[in-house]
Every structure is written in C-alpha cells, then in structure tokens.
Amino acid sequence: MGLTIGVDIGGTKVLGGVVDSAGDVLAQTRRDTPAQDPAQTADRIIEVIQELAAGHAIDAVGIGAAGWIDATRSIVQFAPNLAWRNEPLRDKITAAVGLPVVVENDGNAATWAEFQFGAGRDADNSMVLFTVGTGIGGGIVIGGNLVRGTNGIAAELGHMMMVPGGHPCGCGRHGCLEQYTAGPALIRFAKADAREKPELAEQLLALVGGDVDAIRGHTITEAARLGDAVAIGAFEQVGRWLGVALADIVQILDPQVIVVGGGVIDAGDLLMKPARASYEDQLAQRGRLPVAEVRPALLGNVAGMVGAADLA
Ligand code: BMX
Ligand code: CA
Ligand code: ZN
C-alpha cells in the first residue's frame with residue numbers, strides 16, 4: 001500500500017526507484033542523462049517511470065531536479081546543468097505515464113528524505129541540509145515543513161555569496177558558495193596548487209602520470225588518503241568555506257540539526273573535519289550557547305529519489 005516512484009535527475013544520471021511509505025526502496029533503475037538535450041532527458045525520465053510502474057501498483061510520481069522549480073511544483077524554470085528553461089515537466093510526464101506528478105528541487109527532496117528517514121529523523125522541528133556534489137544543493141525544514149518560499153525557489157543555499165566579485169557561477173553571479181565548496185571547486189583548488197607547488201603533490205601527480213589536467217575528484221580523495229599535502233589542502237579549503245556557510249545558517253535559522261550530504265562526503269573526515277573546525281571557529285555563539293550539531297547524511301545517493309517519492 002502507498003507505493004510511489006521517485007526520480008532524481010542529475011547532470012550525469014537519471015535515478016528512479018519504487019519507494020514505500022517507510023522510505024524503503026523496493027526497486028531501482030537508472031539511465032545516463034543525455035548531454036544537454038532537454039527533450040531526450042524527459043524521454044529518459046518517462047522510460048524510467050514506465051519500467052518501474054510495470055511491476056508495481058503506483059499512486060504517484062515525484063521528480064527531483066537541480067534547478068529553480070516554480071511555486072506550483074510543475075515547471076522547471078531554470079536548470080543550467082540540465083539545459084532546461086521553463087520546461088513544463090509535470091504536465092509532460094503526467095501526459096505520458098498517466099499518474100499524478102510533483103516536481104521538486106533536488107536539494108529540497110534530499111532534505112525531506114534525510115528529515116523523515118535519515119540523519120535528521122530524530123529532529124522534530126528544524127533541519128538544514130547542504131549537498132556537496134556537482135553543485136551545492138540545499139534544503140530547509142522549519143516547523144516540520146519544507147520551506148519553499150513565495151516563488152518556489154527558497155533554500156538555494158549554494159548561491160549565497162561568499163566572495164564579492166569572485167569565481168563566476170552558473171547562476172550568473174560571481175563568488176557563490178557553490179564555486180568554493182562543490183566538486184568542481186575541489187578540483188580547481190587541487191589543480192592550482194599542484195601546478196604551483198608540485199613538490200607537495202607527489203602522490204597526486206603520480207596518480208595522474210604527471211598530467212595536472214587529468215586530476216579528478218576521486219584522484220584527489222585517493223591522493224589525500226595517501227597523505228598528499230596538496231590533495232589534503234584542497235579538502236581543507238573546501239571544508240573551510242563550507243564551515244563559514246554552516247555558521248551563517250545558525251545566525252539566520254538556528255536549526256536543530258545541520259546535515260551535510262552529496263557525493264563529496266564519501267571522502268569522510270577529509271571534508272567533515274575541516275568543515276566542523278571552521279564551523280566551530282566561525283560561530284558567533286561559540287562556547288556561549290548551544291548550537292546545531294553538524295552531521296553527515298545517512299541515505300547516500302538515494303536521498304533525492306526517496307525524498308521525491310515521499311513528497312509525491
Ligand atoms: C545548483 C542549483 C540547485 C541545485 C544544486 C545541486 C541552479 C539553478 N541550480 O546550485 O537548484 O539544487 O545545483 O545540484 O543553479 P547537484 O547537481 O549537485 O545535485
Ligand atoms: Ca533547494
Ligand atoms: Zn550562483
């Protein structure tokens with residue numbers, strides 16, 4: 001009883017699953033996201049839903065997408081990484097699969113899953129989530145409800161400005177958090193330091209045969225685990241910026257719990273340790289008042305999918 005399908009659309013993959021009311025995933029399937037072709041992306045989503053619906057009695061579908069979703073949760077207004085502009089996704093998918101559909105921001109969907117079933121399930125009131133991935137996703141729960149904002153675009157936490165006039169962002173501004181804390185920033189920091197101080201990047205350079213351009217996220221994690229100073233330093237820079245943002249959230253919302261998720265937290269303490277240290281250091285209330293505990297997410301890469309399904 002009460003089965004729904006959740007679909008998480010990222011820059012590289014479309015991940016779908018059948019989810020029950022306890023948040024358990026009963027079946028799962030995935031496709032590659034067609035590069036920058038919005039029409040084909042919708043076709044992939046439809047394929048995923050049809051495949052999953054064939055074996056189960058499904059009540060509704062929830063879709064999590066990285067971008068600005070309108071207040072009626074039907075239109076993807078702006079999604080630079082998925083090449084969508086004012087895409088009427090809900091109606092397109094409903095017409096194809098004959099089920100009710102809700103569209104939600106991917107960070108909001110992951111937040112809902114962690115609040116209901118994951119790292120924030122013991123919080124009864126408020127939680128904030130940051131996902132560190134291709135971008136920085138965000139979500140806010142206050143009073144047990146997701147905060148969507150007047151126009152549907154609240155909790156775009158990746159686009160808080162950290163550095164006025166800083167690194168250009170896909171949103172059109174400069175210096176957004178996402179440009180200092182997401183996967184691409186980690187790679188940018190590591191490449192710059194490996195070029196500047198190759199003598200401190202021995203393990204990192206060995207892993208890429210001396211080719212700095214070949215450095216990827218997973219190479220940095222691997223090198224950092226081998227003790228590479230540049231790789232460890234790249235995580236420290238990302239963690240330091242993240243900690244500043246976590247402390248700012250306390251000033252604005254004072255939530256019960258702050259959760260950090262997304263693919264980059266697979267690096268564990270390499271990211272979480274400097275993030276926590278910077279958080280403690282940046283808090284105005286440090287040592288004077290109780291503040292939100294910072295925890296790693298628990299649901300891994302199914303969070304967006306499970307959250308979208310539960311919201312449906
Ligand atoms: C982007 C963003 C968010 C999204 C976040 C996470 C826009 C319009 N979109 O910051 O809506 O939640 O990325 O994306 O800029 P992910 O690809 O890392 O999951
Ligand atoms: Ca969000
Ligand atoms: Zn931005």
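From a predicted model like this one, the values you see are computed outputs, not experimental measurements.

Participant: What's the story with the pairing of strand E8 (residues 101–105) in this structure? I'm lost.
Facilitator: Successive residues of a regular strand alternate their side chains across the two faces of the sheet. Within E8, five of the five residues are buried, which leaves it mostly tucked inside the rest of the structure. A two-sided burial pattern is seen for E8, the buried positions comprising Val101, Val103 and Asn105 on one face and Val102 and Glu104 on the other. Two strands pair when backbone bridges link them, and strand E4 (residues 60–65) and E8 are joined in this way by five bridges, in the parallel orientation. Within E8, the position partnered with isoleucine 63 by the bridge is valine 103.

Participant: Please explain the environment of proline 88 as it appears in this structure.
Facilitator: For proline 88, the location among the structural elements is in the loop between strand E7 (84–87) and helix H2 (89–97). Placed 14 residues apart in sequence, proline 88 and serine 74 show a C-alpha to C-alpha distance of 6.3 Å.

Participant: Would you mind going over the sheet that holds E4 with me for this structure?
Facilitator: Here we have five strands laid out as an open sheet, ordered E3-E2-E1-E4-E8, and mixed in their pairing. The open sheet has two edge strands, strand E3 (25–32) and E8, and neither has a second partner. For this sheet, the mean inter-axis angle between neighbouring strands, taken without regard to orientation, is 20°. Strands in contact with helix H3 (residues 106–117) are strand E1 (4–9), E4 and E8; relative to E8, the strand with the most contacts, it is inclined by about 95°. The strands touched by helix H10 (residues 303–311) are E1, strand E2 (13–19), E3, E4 and E8; relative to E1, the strand with the most contacts, the crossing angle is about 135°.

Participant: Looking at this structure, I do not really get the site of ligand 1. What am I missing?
Facilitator: Lining the immediate surroundings of ligand 1 are 15 residues, of which Asp106, Gly135, Glu156, His159 and Glu178 lie closest. One of the side-chain nitrogen or oxygen atoms of aspartate 106 is found 2.5 Å away from an oxygen atom of ligand 1. Taken by itself ligand 1 offers 450 Å² of open surface, and the protein chains cover 91% of this. Across the shell around ligand 1, the residue classes break down as five nonpolar, seven polar and three charged.

Participant: I'm lost on the confidence of the model for the chain in this one. Help?
Facilitator: Looking at the chain as a whole, the pLDDT averages 95, with 100% of positions reaching at least 70. Two summary scores accompany this predicted model of the complex, namely pTM at 0.95 and ipTM at 0.95.

Participant: Whenever I open this one, the coordination of the calcium ion (ligand 2) confuses me. Can you help?
Facilitator: Six octahedrally arranged donors around a metal ideally form angles of 90 or 180 degrees; four tetrahedrally arranged donors ideally form angles of 109.5 degrees. Note on the calcium ion (ligand 2): its protein donors are Asn105 (OD1), Asn108 (OD1), Gly138 (O) and Ala155 (O). The metal-donor distances range over 2.4 to 2.8 Å. Written as a sequence motif, the donor arrangement for the calcium ion (ligand 2) is N-x2-N-x29-G-x16-A. Here alanine 155 lies in the loop between strand E11 (145–146) and helix H4 (178–181) and asparagine 105 lies in strand E8, a separation of 50 residues in the sequence.

Participant: Could you clarify how one ought to interpret the pattern of salt bridges in this entry?
Facilitator: Between side chains of opposite charge, a pair can form as their charged atoms come close. Under the definition given, this model contains 10 salt bridges. As a salt-bridge pair, glutamate 104 and arginine 73 come within 3.7 Å of each other at their nearest N and O atoms. Remark: arginine 73 occurs in the loop between strand E5 (68–69) and strand E6 (76–79) and glutamate 104 occurs in strand E8; sequence separation between them is 31 residues. Of the residues examined, arginine 73 reaches a relative accessible area of 22% and is grouped as partly exposed. A salt bridge links arginine 295 to aspartate 122, with the shortest nitrogen-to-oxygen separation between them at 2.9 Å.

Participant: Sorry if this is basic, but what is going on with the packing of helix H5 (residues 183–196) against helix H8 (residues 229–253) here?
Facilitator: Between two packed helices, the angle of one axis relative to the other and the distance separating the axes together describe the packing. Where H5 contacts H8, the axes come no closer than 9 Å and their chain directions differ by 135°. Classified by the interaxial angle, the pair formed by H5 and H8 is oblique. Handedness of the H5/H8 crossing: right-handed. Contacts between H5 and H8 involve Leu186, Phe189, Ala190, Asp193 and Ala194 on the former and, on the latter, Val230, Ala234, Phe235, Gln237, Val238 and Trp241.

Participant: Any chance you could explain the coordination of the zinc ion (ligand 3) here in plain terms?
Facilitator: Distances from the zinc ion (ligand 3) to its protein donors, His159 (ND1), Cys169 (SG), Cys171 (SG) and Cys176 (SG), fall within 2.0 to 2.3 Å. Angles of 106 to 117° at the metal separate the four donor atoms of the zinc ion (ligand 3), which places the site in the tetrahedral class. In terms of primary sequence, the donors binding the zinc ion (ligand 3) are separated according to H-x9-C-x1-C-x4-C. Of the two residues, histidine 159 sits in the loop between E11 and H4 while cysteine 169 sits in the loop between E11 and H4, which places them 10 residues apart along the sequence. Cysteine 169 shares its class with histidine 159; the two are buried.

Participant: Even after reading the chapter, I still don't get the pairing of strand E9 (residues 127–132), so can you show me in this structure?
Facilitator: Of all six residues in E9, six are buried, a share of seventy percent or more. Because side chains alternate across E9, one face comprises the buried residues Met127, Leu129 and Thr131, and the other comprises Val128, Phe130 and Val132, equally buried. Inspection of the sheet shows E9 paired to strand E10 (residues 136–142) by six bridges, in the antiparallel sense. The partner of methionine 127 across the bridge, within E10, is valine 141. Adjacent in sequence and paired antiparallel, E9 and E10 are bridged by three residues. For E9 and strand E12 (residues 257–261), the ladder comprises five bridges, and the chain directions are parallel.

The rules behind the values
- Residues numbered from 1 in each chain as written.
- Chains lettered and ligands numbered in written order.
- Predicted model: local features only at pLDDT ≥ 70, side-chain atom pairs only at ≥ 80, totals over all residues.
- Heavy atoms only, no water.
- Buried < 20%, exposed > 50% of the residue type's maximum accessible area, 1.4 Å probe, protein only.
- Helix = DSSP H or I, 4+ residues; strand = E, 2+ residues; numbered from the N terminus.
- Pairing = 2+ DSSP bridges.
- Axes fitted to C-alpha atoms, helices over the stretch in contact; angles between N-to-C directions.
- Contact = heavy atoms within 4.5 Å.
- Near = heavy atom within 4 Å.
- Polar contact = N/O pair within 3.5 Å; in protein donor to acceptor, adjacent residues only side chain to side chain.
- Areas by Shrake-Rupley, 256 points an atom, 1.4 Å probe, with all protein chains shown as cover.
- Nonpolar A, V, L, I, M, F, W, Y, C, P; charged D, E, K, R; others polar.
- pLDDT = per-residue confidence, 0-100.
- Donors = N, O, S within 2.8 Å, 3.2 Å for Na, K, Ca; no water.
- Salt bridge = Lys/Arg side-chain N within 4 Å of Asp/Glu carboxyl O.
- Parallel < 35°, antiparallel > 145°, perpendicular 65-115°, else oblique.
- Left-handed = near helix turned anticlockwise from the far one by under 90°.
- Tetrahedral: all angles 85-135°; square planar, octahedral: opposite > 155°, others 65-115°.

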